[in-house]
Each structure stands twice: as structure tokens, then as C-alpha cells.
Amino acid sequence: MNTDSMRKSGGKRVSNQRASAETLRKLHLSMLRIRLFEEKAAELFKEGVIKGAAHSYAGQEAIASGTCANLGPADYIGSYHRGHGHCIAKGADISRMMAELMGKATGSCNGLGGSMHIADLDLNILGANGIVGATMPLGTGAALAAKLRGGRQVSVAFFGDGASNQGLFHESLNLASVWKLPMIFVCENNQYALSTAITQTTSVGQIADRAPGYGVPGIRIDGNDAIEVHNVIGEAIERARAGDGPTLIEAMTWRWGGHSMRTNLKDPRSEADRLAWQARCPLMRIEQEMNEAGISSDEIESIRAQVSKEIAEAEAFGRSSPEPTSDILTTAVYAPFAKHREPDNTGTRELTFVEALNEALAQEMERDSTVIVMGEDIGGIGGVFQVTAGLTEKFGIERVRETPISESTFCGAGVGAAIAGMRPVVEVQIFDFVTLMMDMLVNQAAKFRFMNGGTGKVPLVVRGPQGGGIRMAAQHSQSLEAWFAHIPGLVVIAPSTPYDAKGLLTAAIRDDNPVVFLEHKMLYLGQTGPVPQESYAIPIGKADIKRAGTDVTIVATQLMVERALSAARVLEREGISAEVIDPRTIKPLDEETILASVRKTNRLVIVHEACLTGGFGAEVSAMVMEKAFDWLDAPVIRVAAQDVPIPYNDRLETEVIPSQARIVDAVRSCVRPALHEAAAV
């Protein structure tokens, strides 16, 4: 493949302007650091000093160096599993990088991220990513944050050719184009995935040809020519800074090694191709350019000696650094939770559940300009359930953003915007659709702080309606809280009253952790309740005793709280005193309030709408069995939905979901034997 065939921009030839001696020196130094770093990393991997998985950037140095030479410290970059070169080109400390690859406490991520998650948040390096294509929606979110703040920041997402076949690629290009974001997509096309050639997996001859379908310029360049990379991507960056939107760059290149240092597989690439590409070595080519520009071979050798010394010092630093201790694990997962004080008096003003949520959003958007709302149909009609009604009129379309139907990407953009300093509230139109967002929640939002060594914040709220009861059948009626409670790094909140809804949503928006905020659809249609007009926040992780009692503890969530309270009123007429506890926050769970109640009542019934098997109730039951077994006078009982999808038929739906009668029967079964014994005595 010759250089001319690669230099295309919508049929227009790209400028072949050469570089100044100063630029050549800058590019060469960056490229040499990358090459020698990767050579040393490969040695250390073979020696067993670097473990796990590491992916070499050797051979592709011109792309990272040519791109990052156009960027400032405030600009964002996101990388993928082959990310060492991008970090070095952006200015990351190679000693801390080497220590990170060795898993040391002095590493750039304190030894918790490693090669595939190498990052430096101080330089706005959002990190390498082990999930193919994930850097694109995250980078799009950072670009959104940059645009909302004004100024001239840009975001660059580096990714491999294989990622162009991910839906994230297409969705991110579309979203960045629709919102005209300052975003550059840089595809490093080294023509092979782990072992499969791009010709076997990709329907177009040039990935850049996909760009016009999204109204975005697409340019293919020689990725082994650092000056061409510098000039072409520099033009794209200036275009983005000027407010003209994103560009897709396809940089043709060749990785010198296998897919990873760990792979012991046969290299599927031909020897002829290998020799042809190595003859076009990017480092060799720039050194030739330097000679032609009057930079002597002696100076080039002096630079090499300088970089070799840096690499040796980095290796020594890493080897001598201590291992991280387990103490870091207690602080790395969650940012500290803020302390809030609930109102002393709820007042007499009544709001519906929807009105309470809407008021929380409006008050937080008024209080904090970094709060934005994103989702499908949330603007003009105010959302399917009207939770965002009127917000567009108050705050405008920049802060109340209508999204395409591309859940994974607009959720990922929310994650990226949160990392970049905004406080996004992402609405899931129906919570079953969160299945399309799972990677962004589970692998990105939840793990970001941890992978960065306990630094960084992801102040994101993902909220929306879950649960059954309104005849929406199996794909629109699930209760999925147990999924998210299983994931370290996520906060899970599930309010049951208008008062709780407003205070907990306020707390969620202000929190520095990713929050999954669950709103039951039937509560949207439920009764009003007292809600203070002033802004207030309820502490995350604090349960509420909705009704005091002495004979049995009922722990219930969301819609089941009202049914548990109704059951308690029935039981009271039978002489049974039930204490009803609403955890409000499912994760972190207020264990002590539950345990204190069980120690008092000696019996526990847990009620939730989700399926029985693997549900939240199993976790509460296990916790009580481990920590309060000696206080139990009867087995813990769970009342939950049957282990079937929610049916459409109204009678069957009612039968599947826990009812007041089922709760009453469950309480009777664990309390009445004791009452009979007492009566006999």
C-alpha cells in the first residue's frame, strides 16, 4: 500500500507540508521514548517482572506522538488496551508507568490498573481500556463536557480497527456529529485483530469511508509518517476547537509484535508483509527527516542515550518500589459519601412521586451548573412518565439533552462527562433497557475509580422506572436491583415515597460515585405524600423505619413498602405488631438498622418484587443469619415474585407479584407458632 493511496479526505489530497526542526525533535523524542519503553517492557515481561497481559505499541509510535504533539494538558485522550504509547506521548511519567506495569504502589494507578488500564487523570488521560471500543463513548462524554464549559478543549479517542465493527463506533460517531462535539476519532488500523485480518471482518475497504454516513469528515493517512499524522490530525483538532465538530482519522500502520506479549500463538501475518512494513519503520523515517533537516546523527544518538537512561531509571524505580497493601482496597472502590441531615419536619405540602423527582432535578440544576440531564424523549414531552417535564423550558436544550436511541453510547457519554467534571443524570426510558448499558455501568463507571488506584470521581446518576403492575409484559417490567447490588463501585437507591424520592435523588446527584436510581412505575401513579419545598438530601446508606413494631421485622423495598404497611395494619388487628423497614439504599445497605430490629423482634420477613432466586432478599437473609442468628426465633422468610418473567395477562401479573395477602400469610407463619406457645403457657 503506497502513501498516496492512504492520503485521502473525501477525494481531496491532504497537505504534505513537512515539519520544522523543532517539531521533528519533539516528535522523535516522544517516539523514541515509546519504542524503548516497549522494548524494555517486553524484556521485563519475559523475565516475569511484568505479569498478566501487556500489549506493545511498538511500530505505531508515529500516531500517538503526531496526535499528542497538537494537544495541551487540558485536552482529553482515551485509549484502548494498547495504550502505553498514548500515555507517553501525552506526557505521562514513564517511571510511574513502569511501576504500574509491575503492579507497584508507586504506579500511576497505584498498582490496581496495570497495562490495560494505564492512565494519568492529572493530564486528562482518561485511561486505556480493556473493553474494545469503550473509549469512544467515554471520549464523546469528555467532549460534551468540554463543549458545555466553552473554551477550546478537545477529546481524542484512540481505537483499533476491530473496534470499528462495534456498535459503539457507529453510535459514538452519530452522537458526536449530532451534538457537533470537539472530538477526534483516531483509528489505528494495524490490519489485524488478535489473529484475524481486517479483510475477513470488515465490509468496507477503508474505515474512513464510514464517516460520511454520519456527516463527519473521514481521512485515511499513513500512520507510519509522524509528520503526516501531526499535520492532518492537527488540522482536525483545529477544526474541532473552532466548533466545527468531529473528524474520523484512519491511520494505517503495523504492530511489530503479536497481539499481546502474553500470546504464544502463531503470528498469522506473512513474512513479506512484516519485512515491507518494518522497512517503513516510523522511527527510522523520522530520523531520516531529521538528517535532511540538518539534525546530525550525533545529536540523534545523544537523544537515544538520554532516553535509554530515562528507561533504565524507570525500570530501577519500578523494581525498587513497594507492593500495594490491602489497605488501599477499602478506599479505592467508593469516593467518600457526603454527610447529610434530613429535615426535622416534612411539612404538609403534598407532591406525587413524579413531582418530587422533578423538583429535585430542577433544584439541583438551579444550584449546580454542572448538572445535566440526558435521555430519550426527555425534552419536548418531558419523558414518558413526565419526570423531566418543564426542565427544557427552564434550562435549555444544552443541559436537557435529547439523545438518539443508543443506550450504551449515551450512558457511556454520561460516564465520560462525569469523569470530565460534569454531573450527568441519565434517564433510562424503561429500566429493562439498562441491559444495553451494562458494559458502561459495570465495566466503566463502577470500576473507573478503582482502576485508577482510588483516584477520580464518576458523579453519574442513571435513573428510570422499573417493576411491573401496569401490563407492560416481560421486557418492560423487570426488577433488576440485585444485578447492580452485586457490583462493587455502584450505589443502588430505591425510594418508596415522594419524600424519599426527592431527598435521595438530591443526594445521588451530589454524590461522587455512580448511582443506579430505581423508580417503580406504580409509584409514579401512587398517592401523594408530604415533601418539603426547600432542597434537602437524605444520607445514602440510611434506612428508614416506616412503622415501629415488636413481634416481627418486615424489610421491604419500593412498591412493596406500602404493601408491607398495609399488611402490618391487617396483622395489628390480629394482635401481631410488625416493624416495617425500608432500606431506601440497597447498596450500601444499612445493616445495623435491620440487625437492631431483628434483635428486638426475633423474626424477619423480607419482601421484594424481583424474582426470589438470587434476589436482594437472599443477601439480607444471609447477612442476618451471619450476624444475628442467635436472636432469631424462626427461619427468615422471603416473599418475592415467582421465578418467571412478568406475564402480560393482568390476572397472571397480579399473581406473580407479591401481594398484601402473601405478606400477611408469611408473617403469620413465623409469628403464630410463638403466639400459640405463649397462649399454652
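Residues numbered from 1 in each chain as written. Predicted model: local features only at pLDDT ≥ 70, side-chain atom pairs only at ≥ 80, totals over all residues. Heavy atoms only, no water.

A.B. asks: Before we move on, can you summarise the confidence of the model for the chain with the specific residues and values?
C.D. replies: Low-confidence regions, as indicated by low pLDDT, have predicted coordinates that should not be scrutinised in detail. Summarising the model, the chain shows a mean pLDDT of 93, and 96% of its residues fall at 70 or more. Below a pLDDT of 50 lies the segment residues 1-15, which in the model reaches 34 contacts outside its immediate sequence neighbourhood of four places, other chains included. (pLDDT = per-residue confidence, 0-100. Contact = heavy atoms within 4.5 Å.)

A.B. asks: So what about the layout of surface pockets? Which residues, and what values?
C.D. replies: Approximately 420 Å³ is the volume found for the largest pocket. Elements represented by at least two residues in the lining of the largest pocket include exactly helix 18 (498-510), helix 19 (521-524), strand 14 (529-530), strand 15 (544-547) and helix 20 (559-572). The element best represented in the lining of the largest pocket is helix 20, accounting for 4 residues. Taken together, the residues of the lining of the largest pocket break down into 10 nonpolar, 8 polar and 4 charged. (1 Å grid on protein atoms, 1.4 Å probe; cavity = no way out; pocket = protein on both sides within 12 Å on 5 of 7 lines; lining within 4 Å. Points joined across faces, edges and corners; volume = space filled by probe spheres on them. Helix = DSSP H or I, 4+ residues; strand = E, 2+ residues; numbered from the N terminus. Nonpolar A, V, L, I, M, F, W, Y, C, P; charged D, E, K, R; others polar.)

A.B. asks: Run through the nonpolar core, naming residues and quoting values.
C.D. replies: The biggest cluster of nonpolar side chains holds 144 residues, and the ones touching the most others in it are Met-437, Val-462, Phe-484, Phe-517 and Val-624. Top contributing element to this core by residue count: helix 20, with 9 residues. Those residues in contact with Phe-517, other than ones at most four positions away along the chain, are Leu-357, Phe-431, Val-461, Val-462, Arg-463, Gly-464, Ile-493, Pro-495, Ala-501, Leu-504, Leu-505 and Ala-508. Core analysis: the next-biggest nonpolar cluster, separate from the first, contains 62 residues, Ile-77, Met-98, Ile-286 and Ile-311 among them. (Core = buried A, V, L, I, M, F, W, Y, C linked by side-chain atoms within 4.5 Å. Buried < 20%, exposed > 50% of the residue type's maximum accessible area, 1.4 Å probe, protein only.)

A.B. asks: Account for helix 3 (residues 61-68), with residues named and values stated.
C.D. replies: Residues lying three or four places apart along an α-helix face the same way, a consequence of the helix completing one turn every 3.6 residues. The buried fraction of helix 3 amounts to 8 of the 8 residues, a majority that puts the element mostly inside the structure. Restricting attention to buried positions, one finds in helix 3 the residues Glu-61, Ala-62, Ile-63, Ala-64, Ser-65, Gly-66, Thr-67 and Cys-68.

A.B. asks: Any details on the sheet that holds strand 18 (residues 585-587)? Residues and values, ideally.
C.D. replies: Strands sit in the order 9-8-10-11-13-12-18 across an open sheet of 7 strands; the sheet is mixed. For this open sheet the edge positions go to strand 9 (400-402) and strand 18, each flanked by a neighbour on one side alone. Strand after strand, the sheet turns through a mean of 20 degrees between neighbouring axes, direction not considered. Alignment of strand 11 (residues 461-466) against strand 13 (residues 515-520), held across 6 bridges, turns out to be parallel. Looking at the pairing, Gln-466 lines up with His-520 of strand 13. Its contacts with the sheet put helix 13 (residues 353-367) on strand 8 (371-375), strand 9, strand 10 (423-427) and strand 13, and the angle it makes with strand 8 is roughly 130 degrees. (Pairing = 2+ DSSP bridges. Axes fitted to C-alpha atoms, helices over the stretch in contact; angles between N-to-C directions.)

A.B. asks: Tell me about the packing of helix 10 (residues 282-292) against helix 11 (residues 297-320), and name the residues and values.
C.D. replies: How two helices sit against one another is set out by the angle between their axes and by the gap between those axes. Look at helix 10 against helix 11: their axes get within 9 Å of each other, and the N-to-C directions meet at 140 degrees. Relative to helix 11, helix 10 is oriented oblique. As helix 10 runs across helix 11, the sense of the crossing is right-handed. Each of Leu-283, Glu-287, Met-290 and Asn-291 in helix 10 lies in contact with helix 11, whose residues at this interface are Ser-297, Ile-300, Ile-303 and Arg-304. Grouping the amino acids of the contact of helix 10 with helix 11 by side-chain chemistry returns 4 nonpolar, 2 polar and 2 charged. (Parallel < 35°, antiparallel > 145°, perpendicular 65-115°, else oblique. Left-handed = near helix turned anticlockwise from the far one by under 90°.)

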